[in-house]
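So you can see what is in the structure, the chains are spelled out below.
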Amino acid sequence: MIRTRNAVLATAAVAALITGGTALAGPRDAHAQDQAFSISQNVTADAVTVCNTNPVIATYHGTVNLTIPVVTLLANFQDEMQAAAAAGQSPHAAGAQNPDITFTVSVPQGTQVGPGTVTNSSSLISNWWLSPNSEKTEMKVNLHLTQTDWQGLYTTYTSEKSNPLGHTITIKIPYAVGANNATDAARIAQEQVTSTATVKFYTGGDTPNKVFTSAVASNPIASTPTDCFSNAPQRTTRWVDAETGADLKAPQTGPNFFQAAGIPDYEFVSSVLSTDRMTGYYKYKKVFGDLPVNGDDPTVDTDFKISADDAAPAQKETIQAENKQSLLTIENVIHLNNLQGGRIATLLQKYEESPAAFDEMVLKNAHLGFTTQITLPEQLKFADPSAISISGIPEGFTAKTVAIDGQTARVTVDVNDPESITTIEALKDAMSKLQGEAVITIKKIAFADSAQPDTDYTIEHQTQGLVSVDIAKQLGVIVRPGTPSPACPPTMGDYDQLKPAEPLPVQGTVFDPPAPACPPTTAYSAAWTFPMTGPSAGWAEAPLMEHSLNYTSSESHPYVTRLTFKADPQPTPPAPTPTPSTPTFGPQLAKTGAAGMLFLLGAAASGMTGVILRRRTRA
């Protein structure tokens, strides 16, 4: 602990009163009309710096000292006193407590004043009282004139004018402020403590006839402060992932440890101090770290069936139709239990194993179900956009979309009452209902005019499951930083009756040790307040963490179906007319028979016009 003092002795203050000018030597003869007067030469401030070493805290203990002859203050309305004395008036009615003289000492925000003392050697003052404001940044010292009439007061005033320095009022107001870093300490040392005096002249009423207010007197809080920080050992603070040890923000080094920090998506878990007490670790874990990361799992399998004309839909390598005017039918069978696999299965398994880990999580905006999309090439068309339907939807789910738009048919199934899914248990119950088979049927699919024979056309179809939900977790109560005790305050020199002011506590950390108890002879020992820590440590307010789950499940083998149809048969060209020749029946019958057979073969081939479906998997 280091203590330094820049004390201005009381004797120096009195000497200043003697040599400081006519205002101090005696009352002014000329009456000033509500003009400001100076008390700067009557006010001094001294300060002591106390250095605490662990944690490093610089505390400035100071005292504002004011000594002034009372006749100097009343000289502002000497003429009014004389006139009131001649008129037999009194300052106040009996029992009135309006202050006649008020001294106000003000300190910056963050600094606190203490009780203070008043010493009076003038017969003009009978009593006084001190009144701090609620923040202890201001102390008013109120003085009341002796309870008599103006004739008696004027007589005493005239007597004390002959020896003003023997009839003074002396006020001492302590103040204190602490800092736990060099920047704040240097700033505070340059701040000012201010003093003013207000003198009021009454003639019996509650409203003063005249008011005189002094100019502001300013003094530095600590004119020669001690540097408590430059030679202090350097301590390192780290904010790390509790599982991996990775830094979540850059480490920082300084004479003191730094506070816990609010890390997005993380909650505070614990703190650890190294064995040499020079490195402090704040440890965090991901708020939603136990949940599977968002992504897709290929767990869905569907049966995609197709037929031509009145045949039953089936999964076949080849399907034949009578002609280009044939109509196709599609059935897509979704096995609903497939939608429960992948990441959502992992999440629900974690819930089964540790349900308490999910107690503080609230769910909203849930979407559970699937979407199927079937897309035709330009050479096919949905002849009837209303010829689409779905069956087998489980209880608690609804088909939100069943529609055909241009070349695409889309069916979307979602949970009926998403607002009811507010817990993992409710999510689990909803997912368990995805059982059985849902069947999407589309009829009246036709070939477009642009379709060409002997050409492959592609029908693409994809089914994707979806579990989408927003999860929120409230991290708990606001966390209170610790308030380490500063070093023990100094004794206030020769002013045995003056107690030091108590500074506002500075913020400490979980790594700071309690300060040693101060000796019984000191005025007080500020209590060490251990910090409250919890999941929201480092945040100004306990945050609500939010995370969006987005699990999809796609087809493990997304199918591509290709269709083709054969060309219409071409007419068999007529047999050439034989060249006239000598009739020879044997050869001519042979040629005619050959031509007839070609025709028949052509006719037989003409019955083979149709549609061929090939079903294969897409890489």
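It should be emphasised that the depicted structure is a prediction, and the values quoted were computed from it without experimental measurement.

Asks: Just checking my understanding: could you explain the overall build of the protein for this structure?
Replies: Within the protein, the regular secondary structure consists of nine helices and 29 strands. Scored against the burial criterion, the 619 residues of the protein give a buried share of 44%. Sequence-distant contacts, at least 24 apart, represent 78% of the contacts inside the protein between residues at least 6 apart. About 29,900 Å² of surface is accessible on the protein, with carbon and sulfur atoms providing 53% of the total.

Asks: How do you make sense of the state of the cysteines when you look at a structure like this?
Replies: Any covalent bond linking the sulfur atoms of two cysteines counts as a disulfide. According to the stated counting rule, one finds one disulfide in the structure shown. A sulfur-sulfur separation of 1.9 Å characterises the disulfide bridge that pairs Cys51 with Cys228. With the S-S bond torsion at -70°, the cross-link from Cys51 to Cys228 turns out left-handed. Of this pair, Cys51 sits in strand S2 (residues 43–53) while Cys228 sits in the loop between strand S12 (217–220) and strand S13 (235–241); the two residues are 177 residues apart in sequence, bridging distant segments of the chain. For Cys51, a relative accessible area of 3% corresponds to the buried category.

Asks: What is the right way to read the side chain of Ser468 from this model?
Replies: The topology assignment puts Ser468 in strand S26 (residues 457–474). Judged by its relative accessible area of 19%, Ser468 is buried. Residues within four places of Ser468 in sequence aside, it is in contact with Asn365, Ala366, His367, Leu549 and Asn550.

Asks: For this particular structure, what's the right way to read the layout of surface pockets?
Replies: Over the atoms, a rolling probe the size of a water molecule traces out where space has been left empty. Roughly 460 Å³ of volume is contained in the second largest pocket. Residue lining of the second largest pocket: 27 residues in total, with Asn180, Asn181, Asp184, Val506 and Gln507 positioned closest to the centre. Taken together, the elements giving at least two residues each to the lining of the second largest pocket come down to strand S9 (168–179) and helix H6 (182–189). When the residues that make up the lining of the second largest pocket are grouped by side-chain class, the tally is eleven nonpolar, twelve polar and four charged.

Asks: Before we go on, may I ask you to explain the nonpolar core in this structure?
Replies: Most often, soluble globular proteins keep nonpolar side chains buried together rather than apart. Membership of the largest hydrophobic core comes to 57 residues, with the highest contact counts inside it found for Leu74, Phe103, Trp150 and Tyr175. Excluding residues within four positions of it along the chain, Trp150 makes contact with Phe77, Met81, Ala84, Ala85, Gln89, Ser90, Pro91, Leu145, Phe201, Tyr202 and Thr203. Of all hydrophobic cores here, the second largest spans 56 residues; its members include Ile334, Leu368, Leu376 and Ala451.

Asks: Would you mind going over helix H4 (residues 78–86) with me for this structure?
Replies: One turn of the α-helix equals 3.6 residues, which is why residues spaced by three or four share an orientation. Within the span of H4, buried status applies to Gln78, Glu80, Met81, Ala84 and Ala85. Buried residues along H4 cover an arc of 160° about the axis, so they all sit on one side. In this structure, the buried residues of H4 make contact with helix H3 (70–74), helix H5 (150–160), strand S10 (192–201) and strand S11 (210–213). Where H4 terminates, the next one or two residues include Gly88, which has phi positive at roughly 75°.

Asks: What is the right way to read the packing of aromatic side chains from this model?
Replies: Each aromatic ring pair is specified by the distance between its two centres and by the angle formed by the two planes. With the rule as written, the count across this model stands at eleven aromatic pairs. Geometrically, the ring pair formed by Phe77 and Phe212 is tilted, given 6.3 Å between the ring centres and 35° between the ring planes. With Phe77 in the loop between H3 and H4 and Phe212 in strand S11, this residue pair connects regions lying 135 residues apart in the sequence. Neither residue differs from the other here; Phe77 and Phe212 are each classed as buried. Ring centres 6.3 Å apart and planes at 20° place the aromatic pair Trp239 and Tyr282 in the stacked group. Of this pair, Trp239 sits in strand S13 while Tyr282 sits in strand S16 (residues 279–286); the two residues are 43 residues apart in sequence, bridging distant segments of the chain. Exposure class is identical for Trp239 and Tyr282. Each is buried.

Asks: When you look at the environment of Gly465 in this model, what are you seeing that I'm missing?
Replies: When you line up the elements, Gly465 lands in strand S26. As for Gly465 and Asp297, which are separated by 168 residues in sequence, their C-alpha atoms are 9.4 Å apart. Those residues in contact with Gly465, other than ones at most four positions away along the chain, are Val300, Leu339, Gly369, Phe370, Tyr551, Thr552 and Ser553.

Asks: What am I meant to see in the packing of H4 against H5 here?
Replies: Two numbers describe a pair of packed helices, the interaxial angle and the distance between the axes. Contact geometry for H4 and H5: axes closest at 8 Å, N-to-C directions at 135°. Here H5 runs oblique to H4, going by the angle between their axes. When the axes of H4 and H5 are compared, the crossing they make is left-handed. Packed against H4, whose contacting residues are Gln78, Met81, Gln82, Ala84 and Ala85, the element H5 presents Trp150, Gln151, Tyr154 and Tyr157 at the interface. Residue composition of the contact of H4 with H5, by class: six nonpolar, three polar and no charged.

Asks: Would you take a moment to explain the confidence of the model for the protein for this structure?
Replies: A low pLDDT means the predicted coordinates there should not be read in detail. Residues with a pLDDT of 70 or more make up 79% of the protein, whose mean pLDDT is 83. Mean pLDDT across the elements of the protein bottoms out in helix H9 (residues 585–606) (31) and peaks in S13 (98). In this model, residues 584–619 is a region of pLDDT below 50 whose contacts with residues beyond four sequence positions or in other chains number 62 contacts.

Parameters at a glance
One numbering rule holds for all chains: residues counted from 1, following each sequence as written. Restriction of local features to residues with pLDDT of at least 70 applies here, the model being predicted, together with a cutoff of 80 or more for giving and counting side-chain atom pairs; totals for whole chains, interfaces and linings are based on all residues. Only hydrogens and water are removed before side-chain values are computed, so all heavy atoms of the structure are retained for them. Helix and strand definitions here come from DSSP, where helices need a minimum of 4 consecutive H or I residues and strands a minimum of 2 consecutive E residues; each element is numbered from the N-terminal end. For the exposure calls, accessible area comes from a 1.4 Å probe over protein chains only, and a residue counts as buried if that area is under 20% of its type's maximum, exposed if over 50%, partly exposed in between. Working rule for contacts: check all heavy atoms of both residues, and any pair within 4.5 Å makes them a contact. Accessible surface is estimated by sampling points in the Shrake-Rupley manner with a 1.4 Å probe; for residues, cover comes only from the protein chains shown. We call a pair of cysteine sulfur atoms a disulfide when they lie within 2.5 Å. Only protein atoms enter the 1 Å grid used here, on which a cavity is any set of points holding a 1.4 Å probe that cannot leave and a pocket is any open set flanked by protein within 12 Å on both sides along at least five of seven lines; residues with an atom within 4 Å of a point are listed as lining. Grid points are joined across faces, edges and corners, and a volume is the space filled by probe spheres set on the points. Asp, Glu, Lys and Arg are counted as charged, while Ala, Val, Leu, Ile, Met, Phe, Trp, Tyr, Cys and Pro are counted as nonpolar; the rest, among them Gly, fall into the polar class. In this description, a nonpolar core means a group of buried Ala, Val, Leu, Ile, Met, Phe, Trp, Tyr and Cys residues linked to one another through side-chain atoms lying within 4.5 Å. The arc refers to the directions leading from the helix axis to the C-beta atoms. In summary, the pairing rule links any two rings of Phe, Tyr or Trp, Trp by its six-membered ring, whose centres are within 6.5 Å, and it sorts them by plane angle into stacked for under 30 degrees, edge-to-face for over 60 and tilted for everything else. Note on method: axes are straight lines fitted to C-alpha atoms, helices fitted across the in-contact stretch only, with angles between N-to-C directions ranging 0 to 180 degrees. Small angles under 35 degrees read as roughly parallel and large ones over 145 as roughly antiparallel, with 65 to 115 read as roughly perpendicular and the rest as oblique. Left-handed describes a crossing whose near helix is turned anticlockwise from the far helix through less than a right angle; right-handed describes the clockwise counterpart. Along the chain, pLDDT gives the predictor's confidence residue by residue, from 0 to 100.

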